[in-house]
Amino acid sequence: MPSSSKDADAKNAAPPLPEPLRVAVADSHTHLDMQSGTVDEGLAKAAAVGVTTVVQVGCDVAGSRWAAETAAAYESVHATVALHPNEAPRIVLGDPDGWSRQGARRAGGEGALDAALAEIDVLAALAQVKGVGETGLDYFRTGPEGKAAQERSFRAHIEIAKRHGKALVIHDREAHEDVLRVLKEEGAPERTVFHCYSGDAAMAQVCAENGYFMSFAGNMTFKNAQGLRDALAVAPLELVLVETDAPFLTPAPYRGRPNAPYLIPVTLRAMAEVRGIDEDAMAEAISVNTARAFDY
């Protein structure tokens, strides 16, 4: 095999299993439906290193249905259901490039968004569904023309979460001020989680004042992520969660390779270092916090 293809294989290979945690924790945000291998294999690898619970997150109607079905079938899986912030504009305006998993789509207008939200509402009532998300705002991938659909969808998800007494899981990309504004205007649910926390230390203090959970992912280990480490350093420990967002955001030194729940220990150990506490204390706090955030 030529060395270039060997290098490519190594780059795409699953990272090795880390040293197991002594205190079991949960992956507060993962996408098992986007990972290679079976659900059974993914859960077994995670459990082998002390990650005994995962929150499977929906991003569209089909993915939310799958999350609810998977959580019903596995005791260690809890579900959240939602239309991702980038999904709402695709439903309303169409997706001619077919960037999302459904491929190219025609514009469905406001009626199509209402119908999709109605499906999320039905799923949110299920006992195994512990959260409504990931919802929020994303100005990185959606241009100005999609903002109205995103915000309308976000407001609807907040209402659904409150009515069903479920956690709200927020995707906030390059939209901090507007996300915080909408939460204030609508009144946030009792339990609100900023998934893959992307704000700075000042925003972490705003989240803390409001009792919002902040979930840190593998990108907090990246060299250029000092801002995230600064935020983690000031976030109250009782509001901190850990996640993979797998298959994305694989922690260093495996950045760029496929992520999965079994890599939680790598991120958790980096988080403990930032906080200056031992990994057992970090794991203990995260275990309690995740159960509280998702009410399981």
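Residues numbered from 1 in each chain as written. Predicted model: local features only at pLDDT ≥ 70, side-chain atom pairs only at ≥ 80, totals over all residues. Heavy atoms only, no water.

This part is about the nonpolar core. Counting residues in hydrophobic clusters, the biggest one holds 81 residues, and the most contacted among them are Phe154, Leu183, Phe194, Tyr197, Phe216 and Met271. Sorting elements by how many residues they give to this core places helix 5 (residues 109–124) first, with 6 residues. If we ignore the near neighbours within four places in the chain, the residues touching leucine 183 are Phe154, Ile158, Leu168, Ile170, Ala188, Thr192, Phe194 and Tyr212. (Core = buried A, V, L, I, M, F, W, Y, C linked by side-chain atoms within 4.5 Å. Buried < 20%, exposed > 50% of the residue type's maximum accessible area, 1.4 Å probe, protein only. Helix = DSSP H or I, 4+ residues; strand = E, 2+ residues; numbered from the N terminus. Contact = heavy atoms within 4.5 Å.)

Moving on, we come to the sheet that holds strand 1 (residues 25–30). The 8 strands are arranged 1-2-3-4-5-6-7-8 in an open sheet whose pairing can be described as parallel. Two strands close off the open sheet at either side, each with one partner strand: strand 1 and strand 8 (240–242). Within the sheet, the average angular offset between the axes of one strand and its neighbour, ignoring direction, is 30 degrees. The pairing of strand 3 (residues 77–81) with strand 4 (residues 129–138) spans 3 bridges and is parallel. Directly across from alanine 79, in strand 4, lies its bridge partner valine 129. (Pairing = 2+ DSSP bridges. Axes fitted to C-alpha atoms, helices over the stretch in contact; angles between N-to-C directions.)

Every buried residue of helix 8 (residues 201–210) is accounted for by Met203, Ala204 and Cys207. Buried residues in helix 8, looked at end-on, bunch into an arc of 105 degrees, giving them a common side. Those residues of helix 8 that are buried lie in contact with strand 5 (167–173), helix 7 (176–186), strand 6 (192–194), strand 7 (213–216) and helix 9 (226–234). Capping of helix 8 at its N-terminal end is provided by aspartate 200; its side-chain oxygen lies 3.3 Å from the backbone amide nitrogen of alanine 202. Following helix 8 by one or two positions, glycine 211 adopts a phi angle in the positive range, close to 75 degrees. (Arc of directions from axis to C-beta. Polar contact = N/O pair within 3.5 Å; in protein donor to acceptor, adjacent residues only side chain to side chain.)

What follows concerns the packing of helix 10 (residues 264–275) against helix 11 (residues 279–294). Axes are the key here: two packed helices are described by the angle between their axes and the distance separating the axes. At a minimum axis distance of 9 Å, the contact between helix 10 and helix 11 shows a crossing angle of 105 degrees. Taken as axis vectors, helix 10 and helix 11 run roughly perpendicular relative to one another. In this structure, helix 10 contributes Leu268, Arg269, Met271, Ala272 and Arg275 to the contact, and helix 11 contributes Glu279, Met282, Ala283 and Ile286. For the contact of helix 10 with helix 11, the residue count by class is 6 nonpolar, no polar and 3 charged. (Parallel < 35°, antiparallel > 145°, perpendicular 65-115°, else oblique. Nonpolar A, V, L, I, M, F, W, Y, C, P; charged D, E, K, R; others polar.)

For the protein chain, the average pLDDT comes to 95, and 96% of its residues sit at 70 or higher. Confidence scores differ between elements of the protein chain, with helix 1 (residues 3–12) showing the lowest mean pLDDT of 62 and strand 8 the highest of 99. (pLDDT = per-residue confidence, 0-100.)

Note on strand geometry: in a regular strand, side chains alternate between the two faces of the sheet. Across the 6 residues that make up strand 1, a large majority, 6, are buried. Across 4 bridges, the pairing between strand 1 and strand 2 (residues 51–57) is parallel. Across the sheet, residue alanine 26 finds its bridge partner in strand 2, namely threonine 53. Once you follow strand 1 into helix 2 (residues 39–48) and on to strand 2, the crossover reads as right-handed. (Right-handed = clockwise from strand over helix to strand, strands pointing away.)

This next bit is on the packing of aromatic side chains. According to the stated counting rule, one finds 2 aromatic pairs in the structure shown. Between the aromatic rings of phenylalanine 194 and tyrosine 212, the centroid separation amounts to 5.7 Å while the plane-to-plane angle is 35 degrees, which identifies the pairing as tilted. One end of the pair, phenylalanine 194, is in strand 6; the other, tyrosine 212, is in the loop between helix 8 and strand 7, and 18 residues separate them in sequence. Aromatic side chains tyrosine 197 and phenylalanine 216 sit 5.5 Å apart centroid to centroid with 45 degrees between the ring planes, which places their arrangement in the tilted category. (Phe/Tyr/Trp six-rings, centres within 6.5 Å; stacked < 30°, edge-to-face > 60°.)

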